[in-house]
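As a plain string of letters, each chain reads:
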Amino acid sequence: MKNRIFIACAVLCLILSPPVFADDASDLLTKGVELATQQHFTEAIVILKQAQDKQPANADITLAIARTYSWQGAYDKADKILNSLPLSEQSSPDAMFLKANLAYYREDYDRAEKLFESILSETPDNAEAKDGLNKVKRAIKAASSGFSWQADIGHEISNFDRVHQPGWNHSFLQITHFTKNKEWAFHGAWHRYEQYRQRDANIEIGADHRFSKRASGYIWGAITPEANFKPEETLSIGGTIRLDDPSTNWPVAVLATADTKFDQYSSTNSLTLNPGLRLEPYDGWAISSRMISVTPKNTDTLYGWDCRFDGAPLDDLRFYAGLADAPETENNATVSTKTIFGGATVDMTSRTSFRLSYARDDRDNSYIRHIYNVSASFRF
């Protein structure tokens, strides 16, 4: 009789006691999600898998693991986990939303659009799905702009204060070809300069490449036959790497930039190195700064800096403004120069843009130069 009473009491205690394992899994889920939002992806996945071991059938835990893998960029792993869910769970709004975001990250915009629309057909007031669909539509518009060529043409004039000398002129024409997926852009350009009562003309070729959503680079070179004041040969290499993960909700995009240039003159050469940082809080808005170093042959390195602010108050209007205090090479001579500059671009149509810019160079113990530039782009 006593044994029966003891067993009954034990069973009753188990029924009435709180679900310890469930609470442990819930705590682990909360901790794992918090780590994932802080971009500690490896630690988050370890914690979330511990929660899954306690509750293997918990769809929220499975979705959290898949979401963490997607933020980490491990899209195949995220897909595999989503497909392991029961069919009834795969059609839930949370699972559909994650599938739509995965498609967007992979630039499968058609699939992403269909998935977001499917979510909105069931839950029309879903704000996250609305934002996702708008984001996809902007990406589709950008990807389907329809042009593979761009022609840029422009002219620049300069006049001087403090030192009496004739004005300068610079004209250019550039043709750029974009590959179908816009991952590559190849260009060729012709430049004509009038300075110091002399003329130089050079030919430039180059390429830009988008390696991933987080990295891009460029290379270009130019030759000036029978150069009078311009470098005989120039080679420039640079690129940009995004330091934060674009798939997370980090409020500011942080990009590291690097620009290098080697100029070979008839009697000397110089190497320019410009590492920098760029912050982009919103699309079209940014603030950036670079350290500038120029090392002429057999001469100590000269250092400087520049900073620039970019804005886009309207979809078809962009502007920039900035300051610089940096060494500048002209006619084989490298001299510290203080500069203020700014400009604006207006998209007249989806295929035509018009640009105006101004700069003021104050070259130490030399001239003050006012630079006016006008140019246009035509896409086809």
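Residues numbered from 1 in each chain as written. Predicted model: local features only at pLDDT ≥ 70, side-chain atom pairs only at ≥ 80, totals over all residues. Heavy atoms only, no water.

Now for the packing of aromatic side chains. A ring pair, where both rings are aromatic, is described by two values, the distance of the centres and the angle of the planes. Counted under the stated rule, the structure contains 16 aromatic pairs. With centroids separated by 5.4 Å and ring planes inclined at 5°, the aromatic side chains of Trp-184 and Phe-186 adopt a geometry described as stacked. A residue is classified by how much of its surface remains accessible, and Trp-184, at 34% relative accessible area, is partly exposed. Note on Tyr-358 and Tyr-372: the rings are 5.3 Å apart at their centroids and 45° apart in plane angle, and the pair reads as tilted. Taken together, the residues Tyr-358 in strand 13 (residues 352-363) and Tyr-372 in strand 14 (residues 368-379) connect sequence positions 14 residues apart. Under the relative-accessibility criterion, Tyr-372 is labelled partly exposed at 38%. Within the aromatic cluster, the residues linked to one another by ring pairs are Phe-160, Trp-168, Tyr-196, Phe-229 and Tyr-367. (Phe/Tyr/Trp six-rings, centres within 6.5 Å; stacked < 30°, edge-to-face > 60°. Buried < 20%, exposed > 50% of the residue type's maximum accessible area, 1.4 Å probe, protein only. Helix = DSSP H or I, 4+ residues; strand = E, 2+ residues; numbered from the N terminus.)

Before going further, it helps to examine the packing of helix 4 (residues 59-72) against helix 5 (residues 75-83). Look at helix 4 against helix 5: their axes get within 7 Å of each other, and the N-to-C directions meet at 165°. With respect to their mutual orientation, helix 4 and helix 5 come out roughly antiparallel. When you trace helix 4 past helix 5, the crossing you get is left-handed. Taken together, the residues of helix 5 that come into contact with helix 4 (itself represented by Thr-62, Leu-63, Ile-65, Ala-66, Tyr-69 and Ser-70) are Tyr-75, Lys-77, Ala-78, Ile-81 and Leu-82. (Axes fitted to C-alpha atoms, helices over the stretch in contact; angles between N-to-C directions. Parallel < 35°, antiparallel > 145°, perpendicular 65-115°, else oblique. Left-handed = near helix turned anticlockwise from the far one by under 90°. Contact = heavy atoms within 4.5 Å.)

Now for the pattern of salt bridges. One pass over the full model with this rule turns up 19 salt bridges. Among the salt bridges present, the one from Arg-192 reaches Glu-194, with a minimum N-O distance of 2.7 Å. Of the charged contacts in the structure, one is a salt bridge between Arg-369 and Glu-330, with a shortest N-O distance of 3.9 Å. Of this pair, Arg-369 sits in strand 14 while Glu-330 sits in strand 11 (residues 317-330), and the two are 39 residues apart along the sequence. Among the charged side chains, a network of salt bridges with common partners joins Glu-156, Glu-330, Asp-361 and Arg-369. (Salt bridge = Lys/Arg side-chain N within 4 Å of Asp/Glu carboxyl O.)

With a phi close to 55°, Tyr-196 is a non-glycine residue in the positive phi region. The phi torsion at Arg-197 lies on the positive side, around 60°, for a residue other than glycine. Inspection of the secondary structure puts Arg-197 in the loop between strand 3 (184-195) and strand 4 (198-210).

This part covers a nonpolar patch on the surface. Judged by side-chain polarity, Trp-149, Ile-153, Leu-173, Ile-175, Trp-190, Ile-203, Ile-205, Ile-223, Phe-378 and Phe-380 come together as a nonpolar surface patch covering roughly 970 Å² of accessible area. For the nonpolar patch, the secondary structure elements donating two or more residues are strand 1 (149-161), strand 2 (168-178) and strand 4. With respect to the secondary-structure elements, Ile-175 resides in strand 2. Taking relative accessible area as the criterion, Ile-175 reaches 35% and is therefore assigned partly exposed. (Patch = residues over 30% accessible without salt bridge, like charges linked within 9 Å, V, L, I, M, F, W, Y side chains within 5 Å. Areas by Shrake-Rupley, 256 points an atom, 1.4 Å probe, with all protein chains shown as cover.)

Glancing now at the environment of Met-348. Along the chain, Met-348 falls in strand 12 (residues 333-349). Considering only alpha carbons, one finds Met-348 and Ala-376, 28 residues apart in sequence, at a separation of 10.0 Å.

On average, the chain scores 87 in pLDDT, and the residues at 70 or more come to 92%. Confidence drops under a pLDDT of 50 for residues 1-22, and excluding neighbours within four residues, the segment shows 4 contacts in the predicted structure. (pLDDT = per-residue confidence, 0-100.)

Further remarks concern the pairing of strand 1. The sheet contact formed by strand 1 and strand 2 spans 10 bridges and is antiparallel. Opposite Gly-154, over in strand 2, you have Phe-172 as the bridge partner. Counting the residues that bridge the hairpin from strand 1 to strand 2 gives 6 residues, and of these Arg-162 lies at a positive phi of roughly 75°. Bridging between strand 1 and strand 14 involves 12 bridges; their strand directions are antiparallel. (Pairing = 2+ DSSP bridges.)

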